[in-house]
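# Remarks on the overall topology
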Amino acid sequence: MARFRSGRTTARSAAATRAAEHVTDDIQQVWVDADEHEHRLSPDTLQALRDALGHPPPRAATACPVVARPGEDLGLGEVTVACEDGTERIVRGALPADFPLGYHRLRTASGADRRLVVSPGRCHVPEEQGWGWAVQLYAARSSDSWGIGDLRDLGRLRRWTEDAGGSFLLVNPLHAVAPALPQEASPYLPTTRRFLNPLYLCVPDVPGHRASDVPPQILEALRATELIDRDAIARVKLAALRAAHARGDRTADFQSWRDQQDDDVEQFATWCVLVEQHGPDWHLWPEELRDPSTPAVLSVATEQADEVAFHVWTQWQLQEQLRTATSGFTLIQDLPIGVEGSGADAWAWQNLLARDVTVGAPPDKLNTLGQDWGSPPWVPWRLKEAEYEPFVQTVRRTIASAGGLRIDHVMGLFRLWWIPGDLGPPGGGYVRYPSKDLLDIVALESHRAGAVVVGEDLGTVEDGVGEALSERGILTYKVLWFEDDDPQTWPAHAMATVTTHDLPTWRVCGQDPTPPSRASCPE
């Protein structure tokens, strides 16, 4: 999903001002491209977006969560707040400056109950600058990994980076894909943004594994391939993991970890079992299994308890190996813009997603036809109705055990390019999101995790985005490929990089330490 950076100015352009005035029902009817050309949605696109958005129920706004910072006026008069630590406070007007951060409940004088999110309004920012590597972990395979880079390899990279004076690693999304063949190859179209991919497990480090479980010639074949054969790797790794699980799944440590988890990991594990039985697209399952809350799904979880336990156990192993690989070190994990519409998160949160719509980018200099990334978007008012909980879980679980978060296409927290039905990217339009609330939730999760946040702000970037990110301590993204200024002039609060995962690789020519020209050294 390569994108280019548009020019940004501190003053709002006249075209951008006009565009901002044409937002109705979260749809931006007039928008401005990177060349400051103004566009108006066609009647067909406008109607398709309205159909996809739907309409919030009456009085939905009074049930929406309140996101505020200490010192801000809630605008609700006197309210009673049940804090997450179990205490209760009365708030009249503004939150006290020392009000605890976190996720609370408030009750108004009329008896209305709403979620109250109190955010510091600013992310954790490192005190010192540092350098590190951007790594596609699947490609960082070693001589003893099983044909794909794994979490033991990540630990090696971490140690090498530390020894060389580096302070972080930026990795591709590590999220899970469906446990089915063929395996999804793109880490930017996962089945979930909450759980991890078992293919990254180092199987020899898993309790219960025996070398005799996998014939040496099988491993030699996986290691000898020039390209990564995900399907073959999945067959071998999952079989070996099942054998290890059968020997060591009932340890006290695993049971203790499992007891401390919420129901989400159990639901995800149940989804994995259903995929193995009925295929990777939940839309094609028997009707009684398409809703995760049905008795039929509960029956599967009960009847297939051992299989469910296996998939829960792999998530435990992934968390353990990730913690071991990165403990005390900053790992910046990548958060994709969305998920596969047929996958686990879309199954769990199907009522929050727009139907027959995907997200992408409008036509621009990089791609004159526009881009379609294949993920269904959250409906803004439905996300509010869910008290932002899916967004909270998505950010929290990706940032866990990491120390850093890179938000792919961070502009999606402000607006997303929705592509309805068969209209294609040029027939799409922008739908607005509650950016202030979403950014303040990111700041709260960053503060709690002590994690740096980077916003990938490449593409058609509207006025005000850079200022909003800077205010919250979210680092901007500066890519040498797109920048004309000397890197020494770039802002200190930035993730500066030579290239990205979806751009050509640079090669330093000869002994010249300066970056090569794009024409003379394209590799």
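These lines cover the structure that appears in this document, whether it is placed above or below. Along each chain, residues carry numbers from 1 onward, in the same order as the chain's sequence is written. Per-residue local features are limited, in this predicted model, to residues with pLDDT of at least 70; the limit for side-chain atom pairs, both in listing and counting, is 80 or more; totals at the level of whole chains, interfaces and linings are taken over all residues. With hydrogens and water excluded, all non-hydrogen atoms of the structure serve as input to the side-chain values.

Attention now moves to helix 7 (residues 263-278). A run of H or I in DSSP counts as a helix once it spans at least four residues, and a run of E counts as a strand once it spans at least two, with each numbered from the N terminus. Helix span, as expected, comes to 1.5 Å for every residue beyond the first. Taking 1.5 Å of rise per residue, the 16 residues of helix 7 would be expected to cover 22 Å, and the 22 Å separating its terminal C-alpha atoms lies within 8% of that figure. Accessibility here uses a 1.4 Å probe with only protein chains present; expressed as a share of the type maximum, an area under 20% marks a residue as buried, one over 50% as exposed, and anything in between as partly exposed. All of the buried residues along helix 7 are Asp-264, Val-265, Phe-268, Ala-269, Thr-270, Trp-271, Cys-272, Val-273, Leu-274 and Val-275. Counted as a polar contact is a pair of N or O atoms within 3.5 Å, where, for protein atoms, one must be capable of donating a hydrogen and the other of accepting one, and residues adjacent in sequence contribute only when both atoms are in side chains. The opening residue of helix 7, the one whose side-chain oxygen lies 3.1 Å from the backbone nitrogen of Asp-264, is Asp-262. Just downstream of helix 7 lies Gly-279, where phi reads positive at about 100°.

Another point: the packing of helix 12 (residues 389-399) against helix 13 (residues 435-449). To characterise two packed helices, one gives the angle between the axes of the helices and the distance between these axes. Each axis is a line fitted through C-alpha atoms, and for a helix only the stretch in contact is used; angles between axes span 0 to 180 degrees, taken between their N-to-C directions. One can describe the packing of helix 12 onto helix 13 by two numbers: an axis separation of 10 Å at closest approach and a directional angle of 35°. The way helix 12 lies across helix 13 gives a crossing that is right-handed. Judged by residue contacts, Phe-391, Val-392, Val-395, Arg-396 and Ile-399 of helix 12 engage Leu-438, Ile-441, Val-442, Glu-445, Ser-446 and Ala-449 from helix 13. Ten residue types, Ala, Val, Leu, Ile, Met, Phe, Trp, Tyr, Cys and Pro, are classed as nonpolar, four, Asp, Glu, Lys and Arg, as charged, and the remainder, Gly among them, as polar. Split by residue class, the contact of helix 12 with helix 13 holds 8 nonpolar, 1 polar and 2 charged. It is the rotation of the near helix from the far one that decides the hand of a crossing: anticlockwise by less than a right angle makes it left-handed, clockwise makes it right-handed. Here a residue-residue contact requires only that any non-hydrogen atoms of the pair lie within 4.5 Å.

Two strands form a pair only when DSSP identifies at least two bridges running between them. The sheet built from 5 strands is open, its strands ordered 10-11-12-15-18 with parallel pairing. Strand pairing shows two members of the sheet lacking a second neighbour, strand 10 (132-135) and strand 18 (452-455), which therefore form its edges. Strand after strand, the sheet turns through a mean of 20° between neighbouring axes, direction not considered.

This paragraph deals with the side chain of Thr-326. Tracing the sequence through the fold places Thr-326 in helix 9 (residues 305-326). On the accessibility criterion, Thr-326 (4% relative accessible area) is buried. A polar contact of 2.8 Å, which involves the side chain of Thr-326, links it to the backbone oxygen of Leu-322. Once you skip the residues sitting within four places of it in the chain, Thr-326 turns out to touch Leu-154, Arg-158, Leu-331 and Ser-401.

This part covers the sheet that holds strand 6 (residues 73-82). Reading across the sheet, the 5 strands line up as 5-9-8-6-7 and stay open at both edges, with mixed pairing between neighbours. The two strands at the open ends of the sheet, each matched to only one other strand, are strand 5 (66-68) and strand 7 (88-94). Adjacent strand axes in the sheet meet at a mean angle of 35° when their direction is disregarded. With 6 bridges joining them, strand 8 (residues 102-108) and strand 9 (residues 113-118) adopt antiparallel strand pairing. Directly across from Arg-105, in strand 9, lies its bridge partner Arg-115. Strands strand 5, strand 8 and strand 9 of the sheet are contacted by helix 13, whose axis makes an angle of about 130° with strand 8.

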